[in-house]
Amino acid sequence: MIKIPPYLQPGDTIAIVCPAGYIAAEKAQSCIDALKEWGYQVKTGKTLGGDSPNYFSGTDKERLADLQQALDDDSVKAILCGRGGYGTGRIIEEISFKQFRKNPKWIIGYSDITVLHSHIHSNYAIATLHSPMVSAFNDGEYRNEFVQSLRNALEGRKIKYQCAPHEFNRKGEAIGELVGGNLSMLAHLTGTSSDLKTKGKILFIEDIGEYLYNIDRMLHQLKRSGKLDRLAGLIIGGFTDSKDTERPFGKTVYEIIRDVVKEYRYPVCFGFPVGHCKENYALKTGVGYKLKVSKNKVTLEE
Amino acid sequence: MNRKHFLSSILGTGASIPFLQSGGGNDQQPLTIPQYLKPGDQVGITCPAGYITLAEIQPAMQQLAIWGFNVRIGDTVGKRDFTFGGTDEERAADFQRMLDDPSIKAILCGRGGYGMIHIIDRLDFTRFASKPKWIIGFSDITILHCHLNRNFNIASIHSKMCNSFPDDWSTAEPLQAESILSIREALTGNSVKYPLIPNPNNRAGIAEGELIGGNLKTIETLAGSRSDIQTAGKILFVEDTGEYLYSIDRMFWSLRRTGKLDKLKGLIVGGFKVKPDDPGEEFGKTVYEIVTESIKAYTYPVCFDFPVGHQKNNFALKCGIRHRLEVSDAQVSLTESIKAL
């Protein structure tokens, strides 16, 4: 049975740490202000900002220590990852989830943070939160419904998401645990101890900046590792800035996906607002959802 | 033949039987080495992945003829479906014919590119397994090397393909010519020995084991599938091109986390043409540093800059066959073991 961390109460503390890429402290200010406005206290880890000279928000040791501290600190009720990028996979095996399992808390983020979602779901069956991160709050965007969906999720409000129909959608109704995240990461984790288990579940995927052939290849990896054949349903989010090779691939991203899953019967919806774009609803991974795909609309509700 | 494999091959594309145990273990059957080629033997050319024109394979055809082989041109040569050498159906059918035709002694792929993964589960290797022949190629063709090694333990040749034969031998760069000539040596059963210049990042030692490997990204995307390689007790070689450093790092983490690095006998790092970091996203480590960090917990020999990869010097390597890797400060060599076990 999936364990759901306690929803947040006013006055609860959210920690912001960066287990992957670097983000400057000033880029987190709008987020910190908004979280406070929502009634929370904010603790920032050493990996937010700092003096890292490279891609990462700190050395593996520093990122691990920062995340570990937030996981073990019982006064922290949720951990918001500053940004994705790359790097969570370098420390995942070193993280101790002992205290976290005793006292589950919400782990929040997407993209590279898919490593945490997948690892925690498959190993500990604790719900996590796939959602916008720190930079989504900038430029006044903290008011938009997508950032607000994070607030709703943290407060435990059950929201029914809707999205526009797409011509490739496959109609039907699915009930199952919601799992997923960034396609590149899900493919990369295949065969490791963080590998995502998808049987009987509703899978959502999104990606950014990948070549079409590579998206196709990753989908074939999911398929050939048994992740697509026994799904309850499939949700296709944004595949932003996809690139083509000099010799054109000959299909759009959505055509690629449609063709990879055409032999199955479960409902599929395209263009769901999840991904590397503003349209990125908070989704509770591991939690039971109902996906309804009909001719005129698509709904996803807890 | 293993019943599971038979079943999944007749199930065709719909089959996705997961073999989730990655990397480490070793449940292989004994190695089978296809018959080496003699003059007059037939070599088939087919395009299971990217497309190539008839004109582009002329240099390869001429060279194969000079070597004394007859050439059979597959239906997919000159076919094109966007980036592919024909539709999935056409590429699978052409490859299947070559696998099943007893008069064809070796299958040389036209080029790599992308597309092998679409047809690998459609191919029926029953006849091939009972009468193996050489399969030749690299890059996307790594899928075949891995699949054959894992499922049938049949040796295959990792080498350049038709698109890399020089138009004019008199002006070909020596490295390119030598790389192409190494295909002939491998095909005709000459055991090869490749000496190379030591790289200061190498780790000295001597290793003996079955040679396995290919394109790193391709190996990563086979993880968790029934084509996934098992590396315990083997010498692994990897190469890649056009990947960001962070992506190369991530791929080495995949090797690590799927148990493919810890029980190796030796590691051969070929060419890695790196895609430059985006501004502000500097990764901060070289390929040498990435690899060195990945294998620091182990003690086996490691060599860098081995002449295998997307480059002029890409020598033929026999996958599945036992080799001896010797790495010292003064020299590095990879030699086919005298008697394959």
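Computed from a prediction, not measured in an experiment: that's the story for all the values here. (Residues numbered from 1 in each chain as written. Chains lettered and ligands numbered in written order. Predicted model: local features only at pLDDT ≥ 70, side-chain atom pairs only at ≥ 80, totals over all residues. Heavy atoms only, no water.)

**Thoughts on the overall build of chain A**
Next, step 1: Looking only at helices and strands, chain A has nine helices and 13 strands in total.
Next, step 2: Here the C-alpha radius of gyration of chain A, 18 Å, is about what a compact globule of 302 residues would show, namely 19 Å.
Next, step 3: Oriented by its inertia axes, the alpha-carbon framework of chain A measures out at about 50 × 40 × 40 Å.
Next, step 4: Buried positions account for 61% of the 302 residues belonging to chain A.
Next, step 5: The long-range fraction of contacts in chain A, counting pairs at least 24 apart against all pairs at least 6 apart in sequence, stands at 80%.
Next, step 6: Put simply, chain A shows about 11,300 Å² of open surface, and 47% of that area lies on carbon and sulfur atoms.
Next, step 7: Taking the average place of the 41 positive charges on the side chains of chain A and the average place of its 36 negative ones, the gap between the two points comes to 6 Å. (Helix = DSSP H or I, 4+ residues; strand = E, 2+ residues; numbered from the N terminus. Rg over C-alpha atoms; globule rule 2.2 N^0.38 Å. Buried < 20%, exposed > 50% of the residue type's maximum accessible area, 1.4 Å probe, protein only. Contact = heavy atoms within 4.5 Å. Areas by Shrake-Rupley, 256 points an atom, 1.4 Å probe, with all protein chains shown as cover. Lys, Arg positive; Asp, Glu negative; His and termini not counted. Charge placed at Lys NZ, Arg CZ, Asp CG, Glu CD.)

**Quick notes on the interface of chain B and chain A**
Next, step 1: Taken together, the contacts link 43 residues of chain B with 40 residues of chain A.
Next, step 2: Surface buried jointly by chain B and chain A totals about 3,600 Å² across both partners, of which 49% is contributed by carbon and sulfur atoms.
Next, step 3: Applying the counting criterion to the chain B and chain A interface returns five salt bridges.
Next, step 4: For R257(B), the salt bridge is made with E93(A), and the minimal N-O distance between the two is 2.7 Å.
Next, step 5: Where chain B touches chain A, the interface holds 20 residue pairs in polar contact (both at pLDDT 80 or more).
Next, step 6: Per element, the largest residue contribution to the side of chain B that touches chain A is six residues, and it comes from helix α9 (residues 245-257) of chain B.
Next, step 7: Considering only residue class, the side of chain B that touches chain A consists of 14 nonpolar, 15 polar and 14 charged. (Buried area = accessible area lost by both parts, 1.4 Å probe. Salt bridge = Lys/Arg side-chain N within 4 Å of Asp/Glu carboxyl O. Polar contact = N/O pair within 3.5 Å; in protein donor to acceptor, adjacent residues only side chain to side chain. Nonpolar A, V, L, I, M, F, W, Y, C, P; charged D, E, K, R; others polar.)

**Remarks on the sheet that holds strand β8 (residues 202-208) of chain A**
All names here are of chain A.
Next, step 1: Spatially, seven strands are ordered β6-β13-β12-β7-β8-β9-β10 in an open sheet, and the strand pairing comes out mixed. The outermost strands of the open sheet, each flanked by one partner alone, are β6 (160-163) and β10 (268-270). For this sheet, the mean angle separating the axes of adjacent strands, direction not counted, is 25°.
Next, step 2: Across the sheet, helix α9 (residues 253-260) lies against β9 (233-240) and β10, angled at about 160° from β9, the strand it touches most. (Pairing = 2+ DSSP bridges. Axes fitted to C-alpha atoms, helices over the stretch in contact; angles between N-to-C directions.)

**Details of the packing of aromatic side chains**
When we look at a pair of aromatic rings, we describe it by the centre distance and by the angle of the planes.
Next, step 1: Scanning all chains against the criterion turns up 33 aromatic pairs over all chains.
Next, step 2: Measuring from centroid to centroid gives 5.7 Å for Y244(B) and Y246(B), while their planes differ by 25°, and the two rings are stacked.
Next, step 3: Residue classification places Y244(B) among the buried residues on the basis of a relative accessible area of 17%.
Next, step 4: A cation over a ring is seen here: R258(A) above F168(A), with NZ or CZ 4.4 Å from the ring centre.
Next, step 5: Stacked on the ring of Y300(B), the Lys or Arg R203(B) has its end atom at 5.4 Å from the ring centre. (Phe/Tyr/Trp six-rings, centres within 6.5 Å; stacked < 30°, edge-to-face > 60°. Lys NZ or Arg CZ within 6 Å of the ring centre and 35° of its normal.)

**Quick notes on the pairing of strand β1 (residues 42-46) of chain B**
Residue and element names in this part refer to chain B.
Next, step 1: Of all the five residues making up β1, five are buried; the element is thus mostly covered by neighbouring parts of the structure.
Next, step 2: Taken together, the five bridges between β1 and strand β3 (residues 104-109) define a ladder with parallel strand orientation. When the bridges of β3 are listed, I45 appears paired with L108.
Next, step 3: Examined bridge by bridge, β1 and strand β2 (residues 70-73) share four bridges and lie parallel to one another. Paired with I45 across the strands is I73, a residue of β2.
Next, step 4: In the classification by handedness, the crossover that spans β1, the intervening helix α2 (residues 58-66) and the parallel β2 is right-handed. (Right-handed = clockwise from strand over helix to strand, strands pointing away.)

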